[in-house]
There are 4 protein chains.
Amino acid sequence: MIKAGIIGATGYAGGELVRLLANHREAEIVWYGSRSYIDKKYHEVYQNMFRIVEDVCRDDNLEELAQQVDVIFTATPQGFLAGILTEEILSKVKIVDLSADYRIKDVKVYEQWYGIQHKSPQFIPEAVYGLCEVNRDQITLSTRLVANPGCYTTCSILTVYPLVKEGLIDVNTLIIDAKSGTSGAGRGAKVPNLFCEVNENIKAYGVAGHRHTPEIEEQLGCAGNCKVMINFTPHLVPMNRGILVTEYAKLKRRDDGELPSWEDIRAAYDKYYAGEKFVRVLERNLCPETKWVEGSNYVDINFVIDERTGRVILMGVLDNLVKGAAGQAVQNMNLLFGLKESEGLELVPSFP
Amino acid sequence: MIKAGIIGATGYAGGELVRLLANHREAEIVWYGSRSYIDKKYHEVYQNMFRIVEDVCRDDNLEELAQQVDVIFTATPQGFLAGILTEEILSKVKIVDLSADYRIKDVKVYEQWYGIQHKSPQFIPEAVYGLCEVNRDQITLSTRLVANPGCYTTCSILTVYPLVKEGLIDVNTLIIDAKSGTSGAGRGAKVPNLFCEVNENIKAYGVAGHRHTPEIEEQLGCAGNCKVMINFTPHLVPMNRGILVTEYAKLKRRDDGELPSWEDIRAAYDKYYAGEKFVRVLERNLCPETKWVEGSNYVDINFVIDERTGRVILMGVLDNLVKGAAGQAVQNMNLLFGLKESEGLELVPSFP
Amino acid sequence: MIKAGIIGATGYAGGELVRLLANHREAEIVWYGSRSYIDKKYHEVYQNMFRIVEDVCRDDNLEELAQQVDVIFTATPQGFLAGILTEEILSKVKIVDLSADYRIKDVKVYEQWYGIQHKSPQFIPEAVYGLCEVNRDQITLSTRLVANPGCYTTCSILTVYPLVKEGLIDVNTLIIDAKSGTSGAGRGAKVPNLFCEVNENIKAYGVAGHRHTPEIEEQLGCAGNCKVMINFTPHLVPMNRGILVTEYAKLKRRDDGELPSWEDIRAAYDKYYAGEKFVRVLERNLCPETKWVEGSNYVDINFVIDERTGRVILMGVLDNLVKGAAGQAVQNMNLLFGLKESEGLELVPSFP
Amino acid sequence: MIKAGIIGATGYAGGELVRLLANHREAEIVWYGSRSYIDKKYHEVYQNMFRIVEDVCRDDNLEELAQQVDVIFTATPQGFLAGILTEEILSKVKIVDLSADYRIKDVKVYEQWYGIQHKSPQFIPEAVYGLCEVNRDQITLSTRLVANPGCYTTCSILTVYPLVKEGLIDVNTLIIDAKSGTSGAGRGAKVPNLFCEVNENIKAYGVAGHRHTPEIEEQLGCAGNCKVMINFTPHLVPMNRGILVTEYAKLKRRDDGELPSWEDIRAAYDKYYAGEKFVRVLERNLCPETKWVEGSNYVDINFVIDERTGRVILMGVLDNLVKGAAGQAVQNMNLLFGLKESEGLELVPSFP
């Protein structure tokens, strides 16, 4: 039985980790870290866990934690883990970091977009970007540190990855218009996240400056072997869960001067995702809906070619708390310990 | 492996049965009945089941079905099962009926409230009212027909049952004010169920005439060994899932002339529910919230004594599609076949 | 042109006052008080008012304000106005107080339910309880202080008032089950009011202890000329605006031993509300819906007699920010200055 | 007093017309046309209008209607008006058509995108495209037929119009990602519009084929004096009202090789909208929110320059039933009859 500790167990992503691990057959949580609720019963913070979790919340003592557990999930603000991580800790325990601290390889880019100094850049090189479908072979028994991708990022990258990899689009024409449920904004008590402010409302935010932008650019640059510069615009949608990305890009013409056909593009998706359990490329003409993946680890993807404009429109959806956070973290944990990748993640989407 | 067939597999309750049985280790669905979608792939009707269910929908042939399966779930309109059930069918297969056809023992009461003639009253006596926490010992390997309780009914009865049983309240002062999410209204295409009509709106309906009333009255009468007449008022709430009942009743004074104490009432709950996995009586001063049980088979209950008025206010919540329909149906199936009662129902509530 | 000042202009009720007065032909706001946003432009706090209100927010200086305006609306926390009100202020300006400070005549009851000491009980006797449909003749040019009723209270009282007045019900059997949209909880940044906590959720709160209880009891006691003790249970509903009350009471039998007829009860409503612009008693068999009064000053009411139990079930709806707060405050202002009572309140409900 | 008739008065747009005209000082509705509800009282269809509208619904007799009224609003399906419009009718009455029948000048484009034959193309040339802010001088006392723009179209065009007009962007790089509340889908009873299907869900639809595309292209082509081909993708959002468009385009470099500055773009907006009552270009760095214009005739617009990618991101919001339908129709009526353009439209947005 793998012993797991969570730092930040009372945020929404932390709470989802607790939900998922409660049904995991090979892992158990032994440390519910939550600086805000120390000594309070976990189920007093999340009443849904009444009679399921009896533990109390504990402080964020990474060193003590490293002694007691096999894996630590850090669902913490940016800069937290980077500020306290040491070689000693990493020598004792595996870490799946749900923050952005080790996602971006170029530390200058990190510092510029996040506006903070990175306190432990020495661990960046060894951190694996935990997008399992892309980097599975790097997430192994010997991996110590996984940077769990962001929610927008996971959805944005997986939706377009095969097309970038296969050179089907001009990646610098890529525009990603993303829409997220409100749990992505966290459980902090702020006026803009109040029910009456979010309900019956939609808005863009972080336009041209959202921090998931460089993460997407770096990963797509890696896939396409080129420098990538995109527009990424997130929007806040009045629903709890779910992300939808709508992506636009110019198709590159084939050697015969024609646009790639539907079959060409579908073939690219199949090449990378045919064997993927958690990526579902939909049947022709279906538009993905966030509701169809709610509560599950699936990413649903589809595309439409616009012959008139020569663009392809891609759509991808996931549950931001599952595949966009806790689910992917568990998927990474499974890989890190050589378990069945889908253990604890055989979640059937809930409808309605 | 138990073979199950569902008639009405494409309604919301039917869909939830499919979701729950997909993760059940001892049962599998072999017949997805849906008269409206015959020959259509099930996942075309519920896209969330893409890659999970590959079957096509089939007609409602109860006789053929009885040959092929061990248990039939009928998630059908009132009168459907009563109209076609025969001794021959019942001799071959167990039936868990999610409609009201066999819930009410007094056939006249059924015919009066439902406004239809009961076509097979001969099976009413043997049908067991499948409220597992109350009638567990009647749901056995030899039971052939289970009347799965209604969603409002399950919540209403379980919330007040121990107090009636223990004679703590004057049951004829009982008023049940119930609030339900919209999935309870089904998937029929009707103007009053459109998003724009339900959203940002709340209303009562079926006032003084809702069909779950006699079902509650019969069961509570049975528990209290007296004739019961209550007011039950359902309301439509702009949310997908969840039922909350708020119940009001006059407390009977104890022999010493005092009102029952908090401890008295709590003891009554503990007497009946202390060992119940799916009933959670909350800690003092907590009000149940539908969100805390969403997606699970739990019923959460609590109460407040109002010394001023001598009334007790009870609150109970459940997920109308799980404990209020499909979850309880699975619980009944487990009992019918001697399986672990919670098999397939170890569902952790999802939040947010 | 009446000059009006608002203290607490940036809460939801204050904001609604600004919306309503913007279209009032006889009044204008000259002071937008908001301690939290002093010197900030009002439309920076409420972007909907961009280009409509150019003023900046100002401090809560009641004395200076009394010099400059004809009427002050206080949309402030309990205890605020009571703590600073003086005879000198009242000699200069009329006040419509949206808080509870002067609603309850019995100061001990106020202090007990609100848990604070009343700092200026000397003004309680002269304060008029501003439920216009009931106390219209006391709200006159010579009235200085109006206690604007609470949102739950307005809805609860108006729904049952004629039946109490006419002695049709046993008022001590009255149970009020109320459901409110979330704007009633105010704009404070608290976790329980976050979108993800309220959305897809319903719960009771303040059970047996909500502060609107004594206000309802006092007013109904006054109407029925008897001591009244009721149960009042509020619930939080995932919608922005609207209150629905469902009320239950035993009907008193007539001299002939029969229950009052539908016509009897309807006649009672007509007796008090036939000429009321803002109270709409619906046609038989229609259940009021909050959506049908949204954005307007209407209260919609209807009732059902349950012959089986001898109870009448009453339903009433209003928009908590309009008739439940700002609309009623404007209605009171109109009466205070001898204007047409409906001036600025000819608001057509918005649907959907 | 202008006499108005509505055909399609019981759809959502028709209902909004009724709401707006109820407070219009110069016009009154004398004919509530609704084929589905003939002889039924209007307020039985829309209970919010109880005691406000006493009329019954009437059939769609355009000829009789033309005799009785000064202006007809047709809030009807595509093809309806084109199928019955005659010179005789137009000689008697002005028509504001809320359908698409006369919006597109190129009848072939209309027939291709709408898949129906245009039955009266002879009236297309005289029809004025009623986007008041753009074509105000063509909407005059002598105008007989106004094609009221679509909801997506109004928002999409007004948001980018000044930039196209001033040649600041490469219009063929324009991508419009639009998000709409569900009232845009109409009041038809269809499963995809049920509460449980829309709530907690977001999806794209009509990808690369939505009928508002050619309307936007024609108008922008007209503004930019060039052929325009864009991508337009609508999305369904779980809210009742509101449209948000997020638009992306490559900025053209200035003669000095630099990108246009913020001031350059702002100046373009000011050039066209400085005097416009209903277009609010927001202060720098604010993102428009649909909630801030709800219930009003405003369009709120803003933009962000992304120096990295050389694109400008535009955002625009409106209430789809007001400025996107009924409000703009009233605005057109005001112009057609020489009234104050904002008469009946001084609607303060409602929040929350």
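These numbers come from a predicted model, not from an experiment. (Residues numbered from 1 in each chain as written. Chains lettered and ligands numbered in written order. Predicted model: local features only at pLDDT ≥ 70, side-chain atom pairs only at ≥ 80, totals over all residues. Heavy atoms only, no water.)

A. Representation of the overall build of chain A within the structure. Across its full length, chain A carries 12 helices and 14 strands. In summary, chain A has a C-alpha radius of gyration of 20 Å against a globular reference of 20 Å for 352 residues, a match within 12%. By principal-axis analysis of the C-alpha atoms, chain A measures approximately 65 × 45 × 40 Å. Taken over 352 residues, chain A has a buried fraction of 66%. Contacts spanning at least 24 positions in sequence make up 70% of the contacts within chain A whose residues lie at least 6 apart. Roughly 11,300 Å² of accessible area belongs to chain A as shown, and the carbon and sulfur atoms make up 47% of that amount. Charge-centre separation for chain A: the mean point of 38 positive side chains lies 2 Å from the mean point of 47 negative side chains. (Helix = DSSP H or I, 4+ residues; strand = E, 2+ residues; numbered from the N terminus. Rg over C-alpha atoms; globule rule 2.2 N^0.38 Å. Buried < 20%, exposed > 50% of the residue type's maximum accessible area, 1.4 Å probe, protein only. Contact = heavy atoms within 4.5 Å. Areas by Shrake-Rupley, 256 points an atom, 1.4 Å probe, with all protein chains shown as cover. Lys, Arg positive; Asp, Glu negative; His and termini not counted. Charge placed at Lys NZ, Arg CZ, Asp CG, Glu CD.)

B. The relation of the copies chain C and chain B, seen in detail. Once chain C has been moved 0.0 Å along the axis and rotated by 180 degrees, it coincides with chain B to within an RMSD of 0.0 Å. This pairing of chains is accounted for by a two-fold axis. When C-alpha positions in chain C are compared against the rotation axis, the closest is assigned to P238 of chain C, at 3.3 Å. Take the interface residues of chain C: 100% of them recur as interface residues in chain B, which is what a same-surface contact looks like. (Least-squares fit on C-alpha atoms with pLDDT ≥ 70 in both.)

C. Seen up close, the interface of chain D and chain A. Across the boundary between the two partners, chain D contributes 49 residues, which contact 49 residues of chain A. For the pair chain D and chain A, the summed buried surface comes to about 4,100 Å²; carbon and sulfur atoms form 56% of the total. If you sort the residues of chain D by the area they bury against chain A, E200, I202 and R308 of chain D come out on top, with a joint share of 17%. There are six salt bridges connecting chain D and chain A. Measuring nitrogen to oxygen at the nearest pair gives 3.9 Å for the salt bridge that ties K203 of chain A to E289 of chain D. For the interface between chain D and chain A, the tally reads 30 residue pairs in polar contact (both at pLDDT 80 or more). Of all the elements in the fold, those that place two or more residues in the side of chain D that touches chain A are strand 8 (175-180), helix 9 (195-198), strand 9 (203-204), helix 10 (212-224), strand 10 (231-236), strand 11 (243-250), strand 13 (299-306) and strand 14 (311-318) of chain D. For the side of chain D that touches chain A, the per-class residue count stands at 24 nonpolar, 12 polar and 13 charged. (Buried area = accessible area lost by both parts, 1.4 Å probe. Salt bridge = Lys/Arg side-chain N within 4 Å of Asp/Glu carboxyl O. Polar contact = N/O pair within 3.5 Å; in protein donor to acceptor, adjacent residues only side chain to side chain. Nonpolar A, V, L, I, M, F, W, Y, C, P; charged D, E, K, R; others polar.)

D. Highlighting helix 10 (residues 212-224) of chain B. All names here are of chain B. Under the 1.5 Å per step criterion, the end-to-end length of helix 10 is 18 Å for 13 residues, consistent within 8% with the ideal 18 Å. Burial within helix 10 is extensive, with 10 of its 13 residues counted as buried. Taken together, the buried positions of helix 10 are H212, T213, P214, E215, I216, E217, Q219, L220, G221 and A223. Its buried side turned inward, helix 10 meets helix 6 (107-114), strand 6 (128-129), helix 7 (132-135), helix 8 (151-165), strand 8 (175-180) and strand 10 (231-236). Positive backbone phi, approximately 55 degrees, marks N225, located one or two places after helix 10. (Expected span 1.5 Å × (residues − 1).)

E. Local environment of the confidence of the model for chain A. This prediction gives chain A a mean pLDDT of 97; 100% of its residues lie at or above 70. Per the prediction output, this complex has pTM 0.98; the corresponding ipTM is 0.97. (pLDDT = per-residue confidence, 0-100.)

F. Quick look at the packing of helix 8 of chain B against helix 10 of chain B. Residues and elements named next belong to chain B. With their axes 10 Å apart at the nearest point, helix 8 and helix 10 run at an angle of 25 degrees to one another. Accordingly, the angle class assigned to the pair helix 8 and helix 10 is roughly parallel. Here helix 8 and helix 10 pass one another in a crossing that is right-handed. Contact residues: helix 8 offers C151, Y152, T153, S156, I157, V160, Y161, V164 and K165, while helix 10 offers H212, E215, I216, Q219, L220, A223 and G224. For the contact of helix 8 with helix 10, the class distribution of residues is nine nonpolar, five polar and two charged. (Axes fitted to C-alpha atoms, helices over the stretch in contact; angles between N-to-C directions. Parallel < 35°, antiparallel > 145°, perpendicular 65-115°, else oblique. Left-handed = near helix turned anticlockwise from the far one by under 90°.)

G. Expanded view of the pattern of salt bridges. Taken as a whole and judged by the stated rule, the model has 112 salt bridges over all chains. Of the charged contacts, one joins E166 of chain C and K271 of chain C as a salt bridge, the two residues approaching to 2.9 Å between their closest N and O atoms. With E166 of chain C in the loop between helix 8 (151-165) and strand 8 (175-180) and K271 of chain C in helix 11 (residues 262-273), the pair connects residues that are 105 residues apart, well separated along the chain. Salt bridges here are not isolated pairs; linked through shared partners, they connect E16, R19, R241 and D319 of chain A.

H. Seen up close, the side chain of K203 of chain A. Positionally, K203 of chain A belongs in strand 9 (residues 203-204). Residue classification places K203 of chain A among the buried positions, given a relative accessible area of 18%. Apart from the residues within four sequence positions on either side, K203 of chain A is in contact with P192, P234, H235 and L236 of chain A together with L244, P288 and E289 of chain D.

I. A look at the interface of chain C and chain B. With 49 residues of chain C at the interface, the matching set in chain B holds 49 residues. Taken together, both faces of the contact between chain C and chain B bury some 4,100 Å²; the carbon and sulfur share is 56%. When the buried surface of chain C facing chain B is broken down by residue, E200, I202 and R308 of chain C rank first, second and third, together holding 18% of it. For the interface between chain C and chain B, the tally reads six salt bridges. Note that K179 of chain B is salt-bridged to D177 of chain C, the shortest N-O span being 3.0 Å. Where chain C touches chain B, the interface holds 30 residue pairs in polar contact (both at pLDDT 80 or more). Looking at which element gives the most residues to the side of chain C that touches chain B, the answer is strand 8 of chain C, with four residues.

J. Just the sheet that holds strand 14 (residues 311-318) of chain C, in detail. Residues and elements named next belong to chain C. Spatially, seven strands are ordered 9-10-8-11-14-13-12 in an open sheet, and the strand pairing comes out mixed. Since the sheet does not close on itself, it has two edges, and those belong to strand 9 (203-204) and strand 12 (279-281), each with one partner. In this sheet, strand 11 (residues 243-250) lies alongside strand 8 in antiparallel orientation, the contact comprising six bridges. Among the inter-strand pairings, S180 is bridged to a residue of strand 11, identified as I243. (Pairing = 2+ DSSP bridges.)

K. Quick look at the pairing of strand 1 (residues 2-7) of chain D. Residue and element names in this part refer to chain D. With five of its six residues buried, strand 1 lies for the most part within the structure. Where the polypeptide runs from strand 1 across helix 1 (residues 12-22) and back to strand 2 (residues 27-33), its parallel neighbour, the crossover connection is right-handed. Across four bridges, strand 1 lies against strand 4 (residues 71-74) in parallel orientation. Its bridge partner being in strand 4, G5 is matched across the sheet by I72. (Right-handed = clockwise from strand over helix to strand, strands pointing away.)

L. Seen up close, the pairing of strand 4 of chain D. Residue and element names in this part refer to chain D. Residues of strand 4 alternate between two faces, with V71 and F73 on one and I72 and T74 on the opposite face, all of them buried. Bridging between strand 4 and strand 5 (residues 94-97) involves four bridges; their strand directions are parallel. Bridge pairing links T74 to D97 in strand 5.

M. Local environment of the relation of the copies chain D and chain A. Superposing chain D onto chain A takes a rotation of 180 degrees plus a shift of 0.0 Å along the axis, which leaves an RMSD of 0.0 Å. Here 100% of the interface residues in chain D have copies in chain A that are interface residues too; the copies meet face to matching face.

N. Examining the environment of I157 of chain B more closely. All names here are of chain B. Position of I157 among the secondary structure elements: in helix 8. Spatially, the C-alpha atom of I157 lies 9.7 Å from that of A223, the residues being 66 residues apart in sequence. Residues contacting I157, with those up to four places away along its chain left out, are Y129, L131, E215, I216, Q219 and L220.

O. Region of interest: the sheet that holds strand 10 of chain D. Read across the open sheet, the seven strands follow the order 9-10-8-11-14-13-12 (chain D); overall the sheet is mixed. Of all the strands in the sheet, just strand 9 and strand 12 (279-281) of chain D have a single pairing partner and so form its edges.

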